[in-house]
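Examination of the molecular architecture
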Amino acid sequence: MFGLNKKDTSLLLVVAALTLFAPFILNPFPTDSGLAQFNAGYPDLMQRFVIFGIFAVGFNILFGLTGYLSFGHAAFLGVGSYSAVWMFKLLSMNVIPAIILSVIVAGLFALLIGFVSLRRSGIYFSILTLAFAQMSFNLAYSVLTPITNGETGLQLTLDDPRILGVSATADGSIPVTSLFGLEMRSTYEMAVGGWNFQFSAGYYLCAIIMLVSFYIAVRIFRSPFGLMLRAVKCNQNRMRYTGLNTRPYTLAAFVISGMYAGLAGGLMASMDPLAGAERMQWTASGEVVLMTILGGAGTLIGPVLGAGFIKYFENIFSKINDNVLHQWFSWLPDGIEDFVVFIIHPFIGKGWHLTLGILFMLVVIYLPGGLVEGGQRISRLFKKNKSSDDGAAAKTTPAE
Amino acid sequence: MGILEVKGVGKRFGGLQALGDVNLSVQENTVHAIIGPNGAGKSTLLNCLVGKLIPDTGSVMFDGQSVLGRSPHEINQMGISRVFQTPEIFADLTVLENVMIPCFARRDGSFRMHAFGSVVNESDMLQKAETMLDDVNMLSKAHLHAGSLSRGDKRRLEMAMCLVQEPRLLLLDEPTAGMARADTNNTIDLLKEIKTKRDITMCIIEHDMHVVFSLADRITVLAQGTPLVEDTPQNIKGHPKVREAYLGEAQV
Ligand SMILES: Nc1ncnc2c1ncn2[C@@H]1O[C@H](COP(=O)(O)OP(=O)(O)OP(=O)(O)O)[C@@H](O)[C@H]1O
Ligand SMILES: [Mg+2]
């Protein structure tokens, strides 16, 4: 189906089912139960899952296939956000032109940065991309204030000269982003028993765009072009002496992944029309590297898992505080309870980065292939148990 | 006129004159060997032919066109393929993919944004690659990772990758260096097979006299960056200059 083989089609269908039913899947606990804080099925967070999924899937086209580790991809995300907000300010509150512009501008920007950075490889390439991204961040923060509104960030105002549409609504507020009239913030709530499921228009737009992006990534992975990108990672010398020009291949991969980042930035601005320089900071660039490696670089589904994993932990772990811990461990004797809370305290709330860091180290050391490798090992274990009678060894499947 | 004409090529590395004044003419459909002691400049000469180095003086013409100033991938697209001293393959890819890459390079040129095709649906390319693997007796290993092959098989694979491009000139830099006797014999057999099965022009750098004399139609002896003699294997064997250049190595 869709020009994919059976395995890839089923992978795509699984991802489609997971994203489309996410409002249910991520909301397993009834609203008034103690575990409700582990629910992630609210629009804001789900949007972040899929948007960062797009970002990571695109990053993986560069890093996973060619092995070029960019430390500056957040710059493209930021550029995408700024472009989208400008489109809202000047043209219309419809998200489609905004998203298209953010992809184009990010692509052009990536062409420029990639052209220079790809003169070097390895650590020097990474440093160059990092330098470019920091430059962009500083430009956005100070020098380009007329375009970026500096520290405050670019926002919509009541006197934006919007060509198609109004500057302010009848009741004097700023208009909201929409898809041909369908407001991005509109949410349908469905209460079933103790559960409260939320279906947001914005989330479904992001989810559908994520599925299309994922599909394109699968096609690229399986194409002759994708094979060449994997060859770049393997042996550029052999490539050159096989008549292949490596530069345009790496540049194309760089631009494509930059466009994915721009798309993610454009979607972010479409969900919440503001853009700030901090989106371009090196920590944001580092985050997508973490997502990709944590999920499994070079695999199809890995970056999506990594993005979901990190965003989930960021939001859930950071919400747990000492009060919550005391509730959980109230069954312990008082002294021990305090002690346990004291031990766990650094890992939660603001300290969730510590937890993430430890998890990341564990994954890199014990599962170099990321969460995907973990999944494969588990499924192999099951297969082995099943087939151990006839002695068939579990066949290693290429990483998906 | 040979298919490859090297005229007056010289190359200096700082104070070292690695190549003096090299003239070489390789005729179509022959195997031309270049021999010489260590540091004679054989690899340097070969690197000048494939675009890795640019000679300071002289000209290198391939099929009437100059190769100087062109990059390696352009020279390959002109029809020159090379085998490295240590096999250069795509270790993380499968054997079949390794052979398909040169197929694509031949068909699509040095760059093509072929992002919506599917490798498994390229039946022409697949068939070409499989036929080639069959030719070098590696079809059964098509789905192994190239990195897991034995050294002899890696060499075989690298040759297959070059041959599948149907190059007009195949350059080999010490294809048997550091190989065990059995692997060396294997490689010689493979090269002989290639020579008889296909119309191919080869230029081979080799230390192993056994390899040279069992393959070459003509031999150039290089010493200290200049060709001493060029002749047929029979005449080279007894040549006093060659004995001199090789000292103890001349008992062949
Ligand atoms: N890139 C380089 N920079 C400086 N000197 C070099 C370089 N490449 C080769 N040389 C020198 O040029 C001379 C010729 O080297 P070359 O590798 O061509 O010899 P060779 O005939 O291939 O020897 P061998 O049989 O050991 O492979 C040597 O003295 C070598 O040290
Ligand atoms: Mg050499």
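Since this is a predicted model, take the numbers as computed values, not measurements.

Turning our eyes to something else, we now look at the packing of helix 9 (residues 224-234) of chain A against helix 11 (residues 246-271) of chain A. All names here are of chain A. Running from N to C, helix 9 and helix 11 point in directions that differ by 110°, and their axes come no closer than 10 Å. By the angle class used here, helix 9 and helix 11 are roughly perpendicular. Touching F225, M228, L229 and V232 of helix 9 are Y249, T250, A252, A253 and I256, all from helix 11. Partitioned by chemical class, the residues of the contact of helix 9 with helix 11 number eight nonpolar, one polar and no charged.

Okay, the layout of surface pockets next. Residue and element names in this part refer to chain A. In this model, the second largest pocket occupies a volume close to 810 Å³. The wall of the second largest pocket is formed by 28 residues, among which R48, F52, E287, K311 and E314 lie closest to the centre. Contributing elements (two or more residues each) for the lining of the second largest pocket: helix 3 (43-66), helix 11, helix 12 (282-295), helix 13 (302-317) and helix 16 (352-366). In terms of residue count, helix 3 provides more of the lining of the second largest pocket than any other element does, seven residues in total. Within the lining of the second largest pocket, the residues separate by chemical class into 14 nonpolar, five polar and nine charged. When residues of the lining of the second largest pocket are assigned to domains, at least three fall in each of domain 1 (6-281) and domain 2 (316-395).

Residue and element names in this part refer to chain A. The domain architecture assigned to chain A consists of domain 1 (6-281) and domain 2 (316-395). Using C-alpha coordinates to define each centre, domain 1 is positioned 29 Å away from domain 2. Between domain 1 and domain 2, the residue contacts involve four residues of the former and five residues of the latter. Taking both partners together, domain 1 and domain 2 bury about 440 Å²; carbon and sulfur atoms supply 60% of that area. Of all residues in domain 1, the largest losses of buried area upon contact with domain 2 belong to Q37, F38 and Y42, amounting jointly to 89% of the total for that side. Where domain 1 touches domain 2, the interface holds zero salt bridges. Inspection of the domain 1/domain 2 interface yields zero residue pairs in polar contact (both at pLDDT 80 or more).

What follows deals with the confidence of the model for chain A. When pLDDT is averaged along chain A, the result is 89; 96% of the residues meet or exceed 70. Confidence scores differ between elements of chain A, with helix 14 (residues 322-328) of chain A showing the lowest mean pLDDT of 78 and helix 5 (residues 95-117) of chain A the highest of 97.

Residues and elements named next belong to chain B. Examined at the domain level, chain B breaks down into domain 1 (1-79 + 167-252) and domain 2 (85-159). The C-alpha centroid of domain 2 is placed 26 Å from the C-alpha centroid of domain 1. Facing the 21 residues of domain 1 at the interface are 13 residues of domain 2. Summing both partners gives a buried area of about 1,400 Å² for domain 1 against domain 2, and 48% of it is carried by carbon and sulfur. Its largest share of buried area at the contact with domain 2, domain 1 owes to Q77, L190 and R198, together 35% of the area lost on that side.

What follows concerns the sheet that holds strand 5 (residues 65-66) of chain B. Spatially, the four strands line up as an open sheet ordered 2-1-4-5 (chain B), and their pairing is antiparallel. For this open sheet the edge positions go to strand 2 (16-26) and strand 5 of chain B, each flanked by a neighbour on one side alone.

The next subject is the site of ligand 1. Residue and element names in this part refer to chain B. In the vicinity of ligand 1 lie 13 residues, with N38, G39, K42, S43 and T44 positioned nearest. Within the backbone of G41, one N or O atom sits 2.9 Å away from an oxygen atom of ligand 1. Between K42 and ligand 1, the recorded distance is 2.8 Å, taken from a side-chain N or O atom to an oxygen atom. In isolation ligand 1 has 630 Å² of accessible area, and contact with the protein removes 59% of it. Put simply, the parts of the chain that give the shell around ligand 1 at least two residues each are strand 2 and helix 1 (42-49).

Here the focus is the packing of aromatic side chains. Summed over all chains, the structure comprises 17 aromatic pairs over all chains. Between Y249 of chain A and F111 of chain B, the aromatic rings sit 4.7 Å apart at their centres with planes inclined by 70°, giving edge-to-face as the arrangement. Here Y249 of chain A is found in helix 11, whereas its partner F111 of chain B is found in the loop between helix 3 (95-108) and helix 4 (123-135) on a different chain. The buried category is assigned to Y249 of chain A, whose relative accessible area is 2%. Given a relative accessible area of 31%, F111 of chain B falls into the partly exposed group. When the centroid spacing of 6.1 Å and the interplanar angle of 75° are considered together, the rings of Y312 of chain A and F313 of chain A count as edge-to-face. Look at Y312 of chain A and you get partly exposed, because its relative accessible area is 23%. Overall, F313 of chain A belongs to the buried group, its relative accessible area being 16%. Cation over ring: K89 of chain A sits above W86 of chain A, and NZ or CZ is 5.7 Å from the ring centre.

Reading the values: the criteria
Residues numbered from 1 in each chain as written. Chains lettered and ligands numbered in written order. Predicted model: local features only at pLDDT ≥ 70, side-chain atom pairs only at ≥ 80, totals over all residues. Heavy atoms only, no water. Axes fitted to C-alpha atoms, helices over the stretch in contact; angles between N-to-C directions. Helix = DSSP H or I, 4+ residues; strand = E, 2+ residues; numbered from the N terminus. Parallel < 35°, antiparallel > 145°, perpendicular 65-115°, else oblique. Contact = heavy atoms within 4.5 Å. Nonpolar A, V, L, I, M, F, W, Y, C, P; charged D, E, K, R; others polar. 1 Å grid on protein atoms, 1.4 Å probe; cavity = no way out; pocket = protein on both sides within 12 Å on 5 of 7 lines; lining within 4 Å. Points joined across faces, edges and corners; volume = space filled by probe spheres on them. Domains from an automatic or database assignment. Buried area = accessible area lost by both parts, 1.4 Å probe. Salt bridge = Lys/Arg side-chain N within 4 Å of Asp/Glu carboxyl O. Polar contact = N/O pair within 3.5 Å; in protein donor to acceptor, adjacent residues only side chain to side chain. pLDDT = per-residue confidence, 0-100. Pairing = 2+ DSSP bridges. Near = heavy atom within 4 Å. Areas by Shrake-Rupley, 256 points an atom, 1.4 Å probe, with all protein chains shown as cover. Phe/Tyr/Trp six-rings, centres within 6.5 Å; stacked < 30°, edge-to-face > 60°. Buried < 20%, exposed > 50% of the residue type's maximum accessible area, 1.4 Å probe, protein only. Lys NZ or Arg CZ within 6 Å of the ring centre and 35° of its normal.

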